[in-house]
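Results of the structural survey
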Amino acid sequence: MVEDFLASALEAEAASRARQDPDYPLFHVAPPVGRLNDPNGLIEVGGTYHAFFQYTPQHPRKLVYWGHATSTDLTRWDYHDPAILPDERQDRNGAYSGTAIDVGDHVELWYTGNYKDAQTGEREASQCVVTTRDMVHFDKQVPPIIERQPPGYTAHFRDPQVWRDCDGSYRMLLGVQRENLTGAALLYRSTDLRSWECEGEMSFPDACGAFESFGYMWECPNLVRLTDEQTGLARDVLIFCPQGIAPEREGFENVFPCVAVVGELVGTEFRRADGSFEEIDRGTEFYAPQIMARSLSSATGEPTILLGWAGNAGEDEQPSIASGGWVHCLTAPRALGLRGGRLIARPHLPGLPLAPAQLSGAVGAEAGAAIAQLADSRSWRLAFDASYGGAPLSVRIGAGSGLEITLEEERLVVDLTGTRYPHGGRRVVSLAPGEASRVEILHDRSITEVYLGDGSRVFTTRSFLRGAGAGVTLAGGALVTNLRAARAD
């Protein structure tokens, strides 16, 4: 008997306890049931933002769909039936990550189909497409468009980003593993989105060999062009997840990292990249981010938006599995920019605008300084300026929550050891001068995001507080000014 994959997913969703879980986020995308991981197919069409995501509704059964959520303000999300089902040979073992592109009369969702032979265990990876004219009905093309990797590469060949080039042709960027077990990125080109020619590997002629043996696999590559706020120059930014790197410097503590490299793509050469790279998020949970594509009719001047997976590979044992039958979520949307050649990211939540807020007491008082508007809220947004004068600032979210966030002039310390979260530990992040002076914090029940220096440093963590975890208190000798806040509940 052939399984009805849609019926199986909807049955799991109908029995879900996720929405009743007090840890289930309000303004972050989370799974209706089961497991969520990579954001996929992000696109804005006609003023509606579509977030597709890797989705395993029958977790721990490893049957990967594309889930689907929509929003008009990037804050309140509606959930729909899964858009891509693992119902063909090409994706029998999972409809894996990919992106979206608007081609005029329809939108295409490009993804990697994963098939593993049950007898031999041999993997096949193919690049597949689903088309939609209304973002409601999704038509899968069979067979795959690109049926296998080119010679010289293993079947770790996935995560297509597809875009229209300036000459009107289409390009595809893929993460790959070479047969010598090192990671790279491949570029393809097409005139019709159906016949593709492999152009070759992305190379880095000015990087002195820094990326020639950089990890054993590159996942989820995304390319985006941004204008530097300081110089006014446009540059390309390559965002990708190199598995297996361990730089001898601070950071890179998660299972796998995510990095940004700034340069200029010319053909297959990523020029002006000198070998330097920066970790995009210093928190305990961040992976597989993706740029949101725009429809052809989108208004100009809109920011470039990124969402990431607030999770790590192999870290699914979290409190929400027992309490609600769900695990993981996406980050809040982030508006990307460049400043002095470095990638920056600011929260972009049009549906949760900041407004002036008041302290109910003086910072440094024994009881702390609770923000009156947020006193009983478990989902909120808070921004302020701080000057330290050698004194630290403690940010306490809820009474007895177990989460300790300490800010100093050149250091951020996040201690999760007292929370219910089993994977966080204690992190210390060195800050550049002035970064701690501008602070924004998003807290949404069980996820906390800290943005410093107007986006120059970001720290994402799952928090799973103890107790009610309501409100926020600022304590310490630092001077807090320009306080602004918004609550989501």
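Residues numbered from 1 in each chain as written. Predicted model: local features only at pLDDT ≥ 70, side-chain atom pairs only at ≥ 80, totals over all residues. Heavy atoms only, no water.

The next thing to look at is unusual backbone geometry. In this structure, Pro 60 follows His 59 across a cis peptide bond, with omega equal to 15°. Omega for the bond connecting Val 142 with Pro 143 falls within 30 degrees of zero, at 5°, which places this linkage in the cis form. Among the structural elements, Pro 143 can be located in the loop between strand S8 (139-140) and strand S9 (153-164). Positive phi values are uncommon outside glycine, yet Leu 181 reaches one of about 65°. Its place among the elements puts Leu 181 in the loop between strand S10 (170-178) and strand S11 (183-190). The exposure class of Leu 181 is exposed, given its relative accessible area of 51%. Phi at Asp 454 is positive, roughly 55°, even though this residue is not glycine. Classification of Asp 454 by relative accessible area gives partly exposed; the value is 27%. (Helix = DSSP H or I, 4+ residues; strand = E, 2+ residues; numbered from the N terminus. Buried < 20%, exposed > 50% of the residue type's maximum accessible area, 1.4 Å probe, protein only.)

Next up on the list: the pairing of strand S5 (residues 95-102). Taking burial as the measure, the 8 residues of S5 include 7 buried ones, the bulk of the element. Pairing analysis gives 6 bridges linking S5 to strand S6 (residues 107-116), with the strands arranged antiparallel. When the bridges of S6 are listed, Asp 102 appears paired with Val 107. (Pairing = 2+ DSSP bridges.)

Core analysis: the largest hydrophobic core is formed by 49 residues, its most contacted members being Val 29, Val 237, Ile 239, Leu 336 and Leu 343. Among all residues touching Val 29, those that are not within four sequence positions of it are Leu 36, Ala 51, Phe 53, Ala 69, Trp 77, Tyr 79, Cys 329 and Leu 330. Formed by 32 residues, the second largest nonpolar core is a distinct cluster that contains Phe 384, Leu 416, Ile 441 and Val 450. (Core = buried A, V, L, I, M, F, W, Y, C linked by side-chain atoms within 4.5 Å. Contact = heavy atoms within 4.5 Å.)

Glancing now at empty space enclosed by the protein. A water-sized probe, rolled over the atoms, reveals where empty space remains. A complete count under the given rule lists 2 cavities of 30 Å³ or more for this structure. Space inside the largest cavity adds up to approximately 70 Å³. Elements with a minimum of two residues in the lining of the largest cavity: strand S1 (34-45), S5, S9, strand S13 (217-227) and strand S18 (287-291). Among the residues forming the lining of the largest cavity, the class breakdown is 6 nonpolar, 6 polar and 2 charged. Empty space within the second largest cavity amounts to approximately 40 Å³. Residue composition of the lining of the second largest cavity, grouped by class: 5 nonpolar, 1 polar and 2 charged. (1 Å grid on protein atoms, 1.4 Å probe; cavity = no way out; pocket = protein on both sides within 12 Å on 5 of 7 lines; lining within 4 Å. Points joined across faces, edges and corners; volume = space filled by probe spheres on them. Nonpolar A, V, L, I, M, F, W, Y, C, P; charged D, E, K, R; others polar.)

Pairs can form between side chains of opposite charge whenever their charged atoms are close. Enumeration according to the criterion identifies 37 salt bridges in this entry. Between Arg 294 and Glu 44 there is a salt bridge, and its shortest N-O distance comes to 3.7 Å. Here the residue Arg 294 occupies a position in strand S19 (residues 293-294), and Glu 44 occupies one in strand S1, the gap between them amounting to 250 residues. For Arg 294, a relative accessible area of 23% corresponds to the partly exposed category. Put simply, Asp 281 and Arg 334 hold a salt bridge, and the shortest N to O gap is 3.0 Å. Of this pair, Asp 281 sits in the loop between strand S17 (278-279) and S18 while Arg 334 sits in strand S22 (residues 334-339), placing them 53 residues apart in sequence. The pair formed by Asp 281 and Arg 334 is uniform in burial state, with each residue classed as buried. Bridged by salt links that share partners, the residues Asp 165, Asp 167, Arg 171, Arg 189 and Glu 199 form one connected network. (Salt bridge = Lys/Arg side-chain N within 4 Å of Asp/Glu carboxyl O.)

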